[in-house]
Amino acid sequence: MFAHVDINNCYVSCERLFNPALEGRVVVVLSNNDGCVIARSIEAKAIGIKMADAEFMVRQNLKENNAAIFSSNYALYADMSARLMNNLARYTYTLMVYSIDEAFMALGNISDLDLEKHTAAISENVMRHTGLPITVGVGPTMALAKLANKAAKKQKRNFLVLDTDEKVDATVRDFPIEDVWGVGHQYYHKLTEFGVKTAHDFRELKADFVRQHMTVQGWRLHQELWGKPCNIIKDVAERSKGIESSQSFNSYQTELEPLEEAVAMHAATVALKLRQQQSMALTLTIYLRTNKHNVKHDQHYPSITVKVPFAANTTYQLTRVAVQAIRAIYQPGYNYLKTGVRATGIIPAGEVQYHMFSVYEHSKEQKLSELMDGLNSRYGRGTVRLGADSFERKWIMKQEFLSHQYTTDWKDIIVTQ
DNA sequence: TCTGGGGTCCTAGGACCC
DNA sequence: TCTGGGGTCCTAGGACCC
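Fair warning: this is a prediction, and the values are worked out from it, not measured in the lab.

Caption draft 1: Quick look at the overall build of chain A. Counting its regular elements, chain A contains 15 helices and twelve strands. Looking at chain A alone, contacts between residues at least 24 apart form 67% of all its contacts between residues at least 6 apart. If you sum the accessible surface of chain A, you get close to 22500 Å²; carbon and sulfur atoms cover 52% of it.

Laid out in structure tokens, this is it:
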């Protein structure tokens, strides 16, 4: 059996925890650049605010309802997430952190375990120890655990255990197909054409038919909804296939120079993450995007994938590769809105193959990177950077409604006390 | 005027090999 | 005039997730 746990309205719950006056109010949290809504309180849902609604389109509605609006405060959410995961780890040996606010746990084949009691205890203890409201779904596969979680929320319960075929059948029967894990926009439309409205309808399709129209992933989902596991719990080290840093600009960029600066910053972020997990990257993908929503602009989505000499994780090397790459794909005449750097081909730092006769001074760069990491961790991120990375960062993201750094900044800790 | 960032997995098709 | 078959590896792009 598997349990799926998530924090209810995660970012809103985190903000409320340190600001109880927000209880009962319409609260929303915005994405980076304050672009769109990514978390909503129950009250916000009630006035019709949808996930991913653009902020400017719901501004009036929020104002009329005296909404509390926040920019994303990831330092805070990541900290609360860690507290949740530490608590969950006490209930299982196999915890899979699936996202900032979600985890899967293997409950094993414990026949004498009272799943109802166990699940209720998890939810109560997490609330007592962290203050975070969570929902727990339990089922024989990860897809059914996830479905159980969502069904619990619909029934306004803290948990739901699907430990018999009868319970699964009953829950699947009216469960909307678009709410099933793995069914997005495209598959929803396709399935609607086949007359599928619920998870039950989907289960009734022939497995071969599903395989044909929804690739092997759809087939696996089909199996899982019948209680046959295809997904397994993986730990973080096995899962990391790529590391990416990307961001939209706060205004259109047409010149090469700010793009180089942004790419240099992303390369530095990726390099730091690689060093933190003691790995190196063999390949780097650098891309540029215009604004897909603006139909009046010519669109350009260039990307380039380059081999990093040997393998690397130093800021200097990755920045050099990334800046060269952006020069190769940049074309004047477009309004660029976003750029990013992605590392793939990730290998443990100890396994690098250097050329026998190479004169490359990797140890020097390694030391330089370590020194920069030390200064940046002591005096704040970005204190020391390469010259390619801008000092001005005119394109930096908008965060007009940022809350305090409650858990990480001593000044805020004193304020809140 | 204003629409996120960071991921995973799969498939088709090109390059290359013998 | 006639020009293979079978395989691997890689990448771009599309689907999905939170």
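Let us keep going from here.
Caption draft 2: Examining the protein's contact with DNA strand B more closely. Taken together, 30 residues lie around DNA strand B, and Asn32, Arg220, Glu244, Ser246 and Ser248 are the ones closest in. Sugar and phosphate atoms form 77% of the subset of DNA strand B atoms that lie within 4 Å of the protein. A distance of 3.1 Å is found between a phosphate oxygen of DNA strand B and a side-chain nitrogen or oxygen belonging to Tyr252. When residues of the surface near DNA strand B are traced back to their parent elements, those giving at least two are α3 (55–64), α10 (207–225), β9 (242–253) and β12 (336–348). Here the element with the most residues in the surface near DNA strand B is β9; it accounts for eight residues. A breakdown of the residues in the surface near DNA strand B according to their chemical character gives seven nonpolar, 13 polar and ten charged.

Caption draft 3: The arrangement of the nonpolar core in detail. Grouped together as the largest cluster of nonpolar side chains are 34 residues, with contacts concentrated most on Leu84, Leu88, Ile122, Ile134 and Val136. Among the elements that take part in this core, helix α4 (residues 74–88) stands out by supplying six residues, more than any other. Those residues in contact with Ile122 that sit more than four places away from it in its chain are Leu88, Tyr91, Met105, Ile134 and Val136. Formed by 26 residues, the second largest nonpolar core is a distinct cluster that contains Leu259, Val263, Ala281 and Ile286.

Caption draft 4: Seen up close, the protein's contact with DNA strand C. Of all residues adjacent to DNA strand C, which total 15 residues, the nearest are Asp101, Glu102, Gly182, Tyr187 and Thr305. Atoms of DNA strand C within 4 Å of the protein belong to the sugar or the phosphate in 100% of instances, the rest to bases. Gly184 places a main-chain nitrogen or oxygen 3.3 Å from a phosphate oxygen of DNA strand C. A distance of 3.1 Å separates a phosphate oxygen of DNA strand C from a polar atom in the backbone of Gln186.

Caption draft 5: Focus on the packing of helix α6 (residues 142–154) against α10. Between α6 and α10, whose axes approach to 7 Å, the crossing angle comes to 70°. Between α6 and α10, the interaxial angle falls into the category roughly perpendicular. The interaxial crossing formed by α6 with α10 has right-handed handedness. Mapping the contact onto sequence places Met142, Ala143, Leu144 and Leu147 in α6 and Leu221, Glu224 and Leu225 in α10. Looking at side-chain class alone, the contact of α6 with α10 contains six nonpolar, no polar and one charged residues.

Caption draft 6: How the structure looks around α3. Of the residues making up α3, those classed as buried are Glu55, Val58 and Leu62. Mapping the buried residues of α3 onto a view down its axis gives an arc of 80°, with all of them on the same face. Structural note: α3 exposes Phe56, Met57, Lys63 and Glu64 on the side pointing more than 90 degrees away from its buried face. Here the buried face of α3 lies against β2 (27–30), β3 (37–40) and β4 (68–70). Asn66 sits one or two residues past α3 and shows a positive phi near 50°.

Conventions used here
Residues numbered from 1 in each chain as written. Chains lettered and ligands numbered in written order. Predicted model: local features only at pLDDT ≥ 70, side-chain atom pairs only at ≥ 80, totals over all residues. Heavy atoms only, no water. Helix = DSSP H or I, 4+ residues; strand = E, 2+ residues; numbered from the N terminus. Contact = heavy atoms within 4.5 Å. Areas by Shrake-Rupley, 256 points an atom, 1.4 Å probe, with all protein chains shown as cover. Near = heavy atom within 4 Å. Polar contact = N/O pair within 3.5 Å; in protein donor to acceptor, adjacent residues only side chain to side chain. Nonpolar A, V, L, I, M, F, W, Y, C, P; charged D, E, K, R; others polar. Core = buried A, V, L, I, M, F, W, Y, C linked by side-chain atoms within 4.5 Å. Buried < 20%, exposed > 50% of the residue type's maximum accessible area, 1.4 Å probe, protein only. Axes fitted to C-alpha atoms, helices over the stretch in contact; angles between N-to-C directions. Parallel < 35°, antiparallel > 145°, perpendicular 65-115°, else oblique. Left-handed = near helix turned anticlockwise from the far one by under 90°. Arc of directions from axis to C-beta.

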